[in-house]
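Analysis of the macromolecular model
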Amino acid sequence: MIDRKYIPINMKEPYNRNLFLKDLIAAITLFVMLVPQGMAYAMLAGLPPVMGLYASTLPLVIYALFASSRHLSVGPTAITSLLVFSGISAVGQPGTPEYVTLVILLALLVGIFQFLFGVFKLGFIVRFISPSVLSGYTSAAAIIIALSQLKNLLGIEVGNYFQVHLLLNDAVKGMMDLHWITFFIGIGSIIFLVGMKKLNPRIPAALLLILFSIVVVYRFRLDQLGVNIVGMVPSGFPSLVFPTLTLGAVQQIILPALTIALLGFMESLAIGKSIADKEKYKINPNRELKALGFANMFGSFFQILPINGSFSRSAVNHQSGGATQMVSIFTGGFILLTLLMFTSYFYYLPTAVLAAIIIVAVYKLIDLKQLKNLIKVKRVDGWSWFVTFLVTLFIGIQWGILIGAIFSFFLLLSRMFRPNIIEVGYLEKEKVFRDVKRFPQARTQDDVIILRVDSSIHFANIYYLEEKLMDFIRLKPNAKLVIIDFSGVNDMDASAFTVLEELHDRLKQENNLDIYIVGMKGPVRDTANKAGWNKRYEKKIGFFTIEQLLEHKKIDLTSVNEEELPFIYMI
C-alpha cells in the first residue's frame, strides 16, 4: 500500500526525483514570467507593482492545496487587472490608499463569491456566457488594455477611460508632448519582445528586458531626463491587513466582484480543462471554484489583487514539463525570495518596459479569426461576437460582457420562440420525406399539407406554430388534410395542447380541415393522454409515420404528375 504522505497534490503515484526535477524546471520558467507580468498587471490595475508580486506568493500555494487541476497556473492576469481598474476607479482614485483598500476588499469579495459558488455547486452558471461572447469581449478588452498603456509607452497624458474613441482622442492630442526617450524605450522593448519570441520562445525575454533596462536607466540616469520609473518597491513578506468591510464599500464594488468571480473562473476552467483533456485526467469545476475562492479570500489578508488562472502561464507550465501543483508552490517560494532579497533592484525599472510587456502579452487575445469563423459557420453567433466587441470598445468593458450575454440569451430565446417548422414532400427514389425548400423535386399535393416540427413545443412558441400552419393553409387554399410530423418533438406542455385543441376544432368547423399528428414520442404521448387526447382524438394521434397515415387515407404521392405539382419552394 502506498503511504499517502509521499503522494503530492492531486497525484495518485508517489513523488519521485523525476517529478521533482520536472516541477522545479517548470517553476523556474514560470518564475521568470511571473515577476515581470505580476508587476505589469498590478500597474495595469492602478496599483503599486509590488502588489502583483504579493498576489504571486501565498495565493499560489493556497490554490495548489485545494485545486483539482495539476497544471493550472494562477496569479494576476491582464483581463482581471483591467476589470479591477474599471470597477474600482469608478469609486476610488488610483494611486490613493483608499483605492488600494477597495482592491483588497474586492479580492475578498471575489473569493467569497467563488467559494460560495463552489459550495452550492453553481459552476454551471458560466455556461450561460457563450464562447462567442467571451471571445468578442476579450478581443475588445485586449485593444483597450493596449491603448490604456500608451501613456506609459510614449510618455504622454492619456485619461483613465475604458472607451476606445476617448483613449484614441487623448492619444492623438498627447502626441504633441511625446517624450522621445520613453518612446524609444517602449517601442524598442516591443520589438525586442516580439523578436525574441520568434527567435526562441523559451528565452525569458521579459526578464532579460527588465534587467537590461534597469542597467541602462541607472547607467545613463534617464530618470533625470523624464523617463518614468517604478521607484521604491517595498521588500519583505506582505504584512497582514484585514480588509475594511463596510456596507457602503461592498455595495459599490459588489457588481465588479461578481463579474471578476465568474469571468475569472471561466478563464481558469477553460485552460485547466484543455490541459487536463490532453493529459487524460478530470478536473472538478466546483472544486476549482472553491480553490480559487480560498486563494482570493486568504490572499486578501496579504494585500493582493484578485487572481485567476492564466492562459499563457498555464500553457508554459504544461510545455515545460510541470506534472503537479508543486510547481505553484515552488513558484510562490521563488517570488517570496525575490520579495525578501531583490526588490531594491527594481527601483530604476522604466514603466515603459512594463507597458510593452502588457501590450505584447495581450495582443494575441485579439481573435478576429474567430469572428470570421463564426460568421461562416453560424451567422447568429458572429452577431453575438460583434455586438459584444462593439459594446466593450465604445461603451465600456464593465458593460460589454453583460450586454453581450443578454444579447446572446435573447438570440437563444428567439430560436426557442421560433422553432423550425417545414413543409415536407416525398422523394420517390429515396422513399423518404424531406424539406421541400432543400429538395424542390420532393412531391406534394394541393389538397394535403405535410409539416414537420423540429423542436419541443411550449407556451412560448405554440402561437408561432399556429401562425406557420395558417401561412401554409393560405398557400394551399384547397387543402383538406394537414399532417404534422411530431417525430422531432421531445416535449410539450399543457398550454400547447390547449391551443392545438382550439386550433383543430376551429379549422374543422370553419375550413372542414382535418389535422393529424404522427410520430408522437412516448413522453409527449403520455402528456397527451393526461390531457384526454387518447379519448377525444384517438384516431388523430394514433399513427406512427407519415407513410402509415397516407396509406390509411389511400393517398399516393408517388402517382402525382410532376407537371401538376403545386407550389414549389426555391432554395
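Here, every reference points to the structure presented above.
Fair warning: this is a prediction, and the values are worked out from it, not measured in the lab.

Glancing now at the pairing of strand S6 (residues 481–485). Most of S6 sits inside the fold, with 5 of its 5 residues counted as buried. Every second residue of S6 is oriented toward a common face, with Leu481, Ile483 and Asp485 on one face and Val482 and Ile484 on the other, all of them buried. Here strand S5 (residues 448–453) runs beside S6; their pairing, made up of 5 bridges, is parallel. Counted as the bridge partner of Ile449 is Val482 from S6. The handedness of the S5 to S6 crossover, carried by helix H19 (residues 462–475), is right-handed. Pairing geometry for S6 and strand S7 (residues 514–518), over 5 bridges, is parallel. In the sheet register, Ile484 faces S7, and the bridge partner there is Ile517. Once you follow S6 into helix H20 (residues 494–510) and on to S7, the crossover reads as right-handed.

Per the stated rule, a full pass over the model turns up 10 salt bridges. For Asp223, the salt bridge is made with Arg221, and the minimal N-O distance between the two is 3.7 Å. Residue classification places Asp223 among the partly exposed residues on the basis of a relative accessible area of 21%. Across the pair Asp514 and Lys540 runs a salt bridge whose closest N-O atoms are separated by 3.4 Å. Placement of Asp514 in strand S7 and of Lys540 in the loop between helix H22 (533–536) and helix H23 (546–552) is noted, with a sequence separation of 26 residues between them.

Taking strand neighbours across the sheet as the criterion, the 5 strands line up as S4-S3-S5-S6-S7 in an open arrangement whose pairing is mixed. Strand pairing shows two members of the sheet lacking a second neighbour, strand S4 (432–435) and S7, which therefore form its edges. Ignoring strand direction, the axes of neighbouring strands in this sheet form an average angle of 35°. Bridge analysis of strand S3 (residues 421–427) against S5 gives 3 bridges, and the strand direction is antiparallel. Across the sheet, the residue bridging to Glu423 is Leu451, located in S5.

Our focus in this paragraph is a nonpolar patch on the surface. A grouping of Trp383, Phe386, Leu390, Phe394, Ile395, Trp399, Leu402, Ile406 and Phe410 is seen on the molecular surface, where their side chains present a nonpolar patch of about 860 Å² in accessible area. The set of elements that each furnish at least two residues to the nonpolar patch consists of helix H17 (379–394) and helix H18 (397–417). By the secondary structure assignment, Trp383 is in helix H17.

Let's shift gears to the packing of helix H5 (residues 97–119) against helix H11 (residues 247–279). Contact pair H5 / H11: the axes reach a minimum separation of 8 Å and the direction vectors enclose 55°. It follows from the interaxial angle that H5 and H11 lie oblique. H11 is crossed by H5, and the crossing has right-handed handedness. On the side of H5, the interface is formed by Leu102, Leu105, Leu106, Leu109, Val110, Phe113, Gln114 and Phe117, while H11 contributes Ala249, Val250, Ile253, Ile254, Pro256, Ala257, Leu258, Ile260, Ala261, Leu262 and Phe265.

For Ile203, the position within the fold is in the loop between helix H9 (180–199) and helix H10 (205–220). For Ile203, a relative accessible area of 27% gives the class partly exposed. Every residue in contact with Ile203, bar those within four places of it in the chain, is listed here: Met196 and Leu208.

Given 3.6 residues per helical turn, the α-helix brings residues three or four places apart onto the same face. Given a rise of 1.5 Å per residue, 15 residues ought to cover 21 Å, and the 21 Å separating the end C-alpha atoms of helix H12 (residues 285–299) matches this to within 8%. Counting buried residues in H12 gives 11 out of 15 residues, a clear majority hidden from the surface. Turning to H12, its buried residues number three or more, namely Asn286, Glu288, Leu289, Ala291, Leu292, Gly293, Phe294, Ala295, Asn296, Met297 and Gly299. Buried-residue contacts for H12 involve helix H3 (58–66), strand S1 (74–75), H5, H11 and strand S2 (308–309). Between a side-chain oxygen at the N-terminus of H12 and the backbone nitrogen of Asn286 the separation is 3.0 Å; the capping residue is Asn284.

The rules we used
Residues numbered from 1 in each chain as written. Predicted model: local features only at pLDDT ≥ 70, side-chain atom pairs only at ≥ 80, totals over all residues. Heavy atoms only, no water. Buried < 20%, exposed > 50% of the residue type's maximum accessible area, 1.4 Å probe, protein only. Helix = DSSP H or I, 4+ residues; strand = E, 2+ residues; numbered from the N terminus. Pairing = 2+ DSSP bridges. Right-handed = clockwise from strand over helix to strand, strands pointing away. Salt bridge = Lys/Arg side-chain N within 4 Å of Asp/Glu carboxyl O. Axes fitted to C-alpha atoms, helices over the stretch in contact; angles between N-to-C directions. Patch = residues over 30% accessible without salt bridge, like charges linked within 9 Å, V, L, I, M, F, W, Y side chains within 5 Å. Areas by Shrake-Rupley, 256 points an atom, 1.4 Å probe, with all protein chains shown as cover. Parallel < 35°, antiparallel > 145°, perpendicular 65-115°, else oblique. Left-handed = near helix turned anticlockwise from the far one by under 90°. Contact = heavy atoms within 4.5 Å. Expected span 1.5 Å × (residues − 1). Polar contact = N/O pair within 3.5 Å; in protein donor to acceptor, adjacent residues only side chain to side chain.

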